[in-house]
Amino acid sequence: MSDVYAARRTRLRERCHAAGSQSAVISHPANVRYLAGAAPTGSVLLLGRREDLLVCPGPLDDRPGEARPDEALRPHLLAGPGGDPAVAAAGLAAGQDADTLAVEEHHLTVARHRALASVAPALRLTDLGSTVEQLRVVKDEEEISCLRIGAEIADQALGELLESILVGRTERHLALELERRLVDHGADGPAFPTSVATGPNSGRRGHRPTDRRVEEGDFLTVCLGAAYRGYRCEIGRTFVIGTSPADWQIDLYDLVFAAQRAGRESLVPGAAHRDVDRAARQVLDSAGYAEGLQPLTGHGVGLEIDEDPQLAPSAMGKLDACVPVTVEPGVHLPGRGGVRIDDTLVVRPEADGGPELLTITTKELLAL
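Everything quoted here is computed from the prediction, not taken from an experiment. (Residues numbered from 1 in each chain as written. Predicted model: local features only at pLDDT ≥ 70, side-chain atom pairs only at ≥ 80, totals over all residues. Heavy atoms only, no water.)

Our next topic: the overall build of the protein chain. Each helix and strand counted, the protein chain has 9 helices and 19 strands in total. Relative to the globule expectation of 21 Å for 368 residues, the C-alpha radius of gyration of the protein chain, 23 Å, shows essentially globular dimensions. Along the first, second and third principal axes, the C-alpha atoms of the protein chain reach 70 × 40 × 40 Å. If you take every contact in the protein chain between residues at least 6 apart in sequence, the share linking residues at least 24 apart comes to 67%. Of the accessible surface of the protein chain, which amounts to about 16000 Å², a share of 51% is contributed by carbon and sulfur atoms. The positive charge centre, built from 39 side chains, and the negative charge centre, built from 54, are 3 Å apart in the protein chain. (Helix = DSSP H or I, 4+ residues; strand = E, 2+ residues; numbered from the N terminus. Rg over C-alpha atoms; globule rule 2.2 N^0.38 Å. Contact = heavy atoms within 4.5 Å. Areas by Shrake-Rupley, 256 points an atom, 1.4 Å probe, with all protein chains shown as cover. Lys, Arg positive; Asp, Glu negative; His and termini not counted. Charge placed at Lys NZ, Arg CZ, Asp CG, Glu CD.)

What follows deals with the sheet that holds strand 7 (residues 189-190). Taken together, 3 strands build an open sheet; the order of strands is 7-10-11 and the sheet is antiparallel. Looking at strand neighbours, the two that pair on one side only are strand 7 and strand 11 (231-232), the edges of this open sheet. Both strand 7 and strand 10 (residues 226-228) contribute to a ladder of 2 bridges, which runs antiparallel. Within the sheet, the bridge partner assigned to G189 lies in strand 10 and is A227. Along the sheet, helix 6 (residues 141-162) makes contact with strand 10 and strand 11, crossing strand 10 at roughly 140 degrees. (Pairing = 2+ DSSP bridges. Axes fitted to C-alpha atoms, helices over the stretch in contact; angles between N-to-C directions.)

Moving on, we get to helix 2 (residues 29-36). For helix 2, a buried count of 6 out of 8 residues is recorded, marking the element as mostly surrounded by other parts of the structure. If you check which residues of helix 2 are buried, you get A30, N31, V32, Y34, L35 and A36. Where helix 2 ends, the next residue or the one after it, G37, has phi of about 85 degrees, a positive value. (Buried < 20%, exposed > 50% of the residue type's maximum accessible area, 1.4 Å probe, protein only.)

Moving on, we get to the pattern of salt bridges. Applying the stated criterion to the full structure yields 29 salt bridges. Between R50 and D97 there is a salt bridge, and its shortest N-O distance comes to 3.0 Å. Here the residue R50 occupies a position in the loop between strand 2 (44-47) and strand 3 (53-56), and D97 occupies one in the loop between helix 3 (85-95) and strand 5 (100-103), the gap between them amounting to 47 residues. Given the relative accessible area of 56%, R50 is considered exposed. Between E177 and R181 there is a salt bridge whose closest N-O contact spans 2.8 Å. Taken as a pair, E177 and R181 lie in helix 7 (residues 171-184) at a separation of 4 residues, close to a single helical turn. Comparing E177 with R181 shows no difference in burial state: the two are buried. What emerges from the salt-bridge pattern is a single network uniting R205, E234, E328, R340 and D342. (Salt bridge = Lys/Arg side-chain N within 4 Å of Asp/Glu carboxyl O.)

Where burial is concerned, the two faces of strand 17 (residues 337-340) agree: the one with G337 and V339 and the one with G338 and R340 are both buried. Note that strand 16 (residues 330-333) and strand 17 share 4 bridges and pair antiparallel. Residue pairing across strands places L333 opposite G337, the latter belonging to strand 17. What sits between the antiparallel neighbours strand 16 and strand 17 is a turn of 3 residues, in which G335 has the positive phi angle 85 degrees.

For the rest of this paragraph, the subject is the sheet that holds strand 8 (residues 195-198). Taken together, 3 strands build an open sheet; the order of strands is 8-9-12 and the sheet is antiparallel. In this open sheet, the two strands that pair with only one neighbour each are strand 8 and strand 12 (235-240). The average undirected angle you get between the axes of adjacent strands in this sheet is 10 degrees. Bridging between strand 9 (residues 219-224) and strand 12 involves 6 bridges; their strand directions are antiparallel. Its bridge partner being in strand 12, T221 is matched across the sheet by T238. Its contacts with the sheet put helix 6 on strand 9 and strand 12, and the angle it makes with strand 12 is roughly 15 degrees. Here helix 7 sits on the sheet in contact with strand 8 and strand 9, set at roughly 150 degrees to strand 8.

Take unusual backbone geometry next. For the peptide bond that leads from D308 to P309, omega is 5 degrees, which places it in the cis range. Within the chain, D97 stands out as a residue other than glycine whose phi angle is a positive 65 degrees. Phi angles above zero are rare outside glycine, and R229 is one such case at about 50 degrees. Relative to the helices and strands, R229 resides in the loop between strand 10 and strand 11.

All right, on to the packing of aromatic side chains then. This model, assessed by the stated rule, comprises 1 aromatic pair. For the ring pair F219 and W248, a centre distance of 5.6 Å and an interplane angle of 80 degrees mean the geometry is edge-to-face. On the criterion of sequence distance, the pair formed by F219 in strand 9 and W248 in helix 8 (residues 247-265) is long-range, its members being 29 residues apart. We classify F219 as buried; its relative accessible area is 1%. A residue is classified by how much of its surface remains accessible, and W248, at 27% relative accessible area, is partly exposed. (Phe/Tyr/Trp six-rings, centres within 6.5 Å; stacked < 30°, edge-to-face > 60°.)

This is the structure we're talking about:
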């Protein structure tokens, strides 16, 4: 992996030089991991004029089996507790005779930005913006492999839950059980707080589990994801509890399924982000559900669960190959419940078989 991290840093250095910056401090944790591997919490990366350094607040974890930072990077440990690695990195950049330093202003507080400026007043600070996030959009096959394994773990956890007795159990209890199963199957942990929604809560995006108990005839919506080696995937499914679904439940489910299929089928290299959203949204709009639809149809995933691209009505840009995204349309009817279907896929050209579906739990409307 050292060669991979070095190549990523080289691409970033080229972007920095093109923008007129001789050095950069990377402080956003996901960006540090992308460029330097698994570093101690709070570490920052100095892309230096003469040497790149991993500035750490404490010693590296030397326990066997623990994820490690790039061995090609020399760590610089702070002398004592309470120091700020980003501020220390600015001083180190000045020591390498840099006169400009790009920083991630979107990740720094005003106070922290001022501290960087004060420790090296000769440095001209510039904004790196979302340069690293843009580099992260297209994944290499090693990254996709991590997402694929995470999706397998999430599928396993969900499949086991569906084999258990659900009636009478609370949303909160089911969410905790799912998260335990994720870890049991090898996940670092949940990719995000697991959502379990029943009855009138079902179909809500981002629903926080409550003490409501599962009842016969409920819609049950589950949305979970596994983090594996830092990479995060997402899956969402809707089921009916304990009985044959009612006609309105079948109709609503079929509609959301058709919208999700339309979104999935539009995932081709070169497709506009907004067109993917439109493909799914039009199905729901035409059925009279234009009001109250969620603000986006999907988003990128990777080292963060919600990253670029955004598949939304006003989104700019076009899809590239090897970009993993979610497609997750949903409809919620106040007081009744609703449906959400959510998959993680990788954009692939038609010659390679089209979009690669990572989350494979059935999308049939099951009565559990």
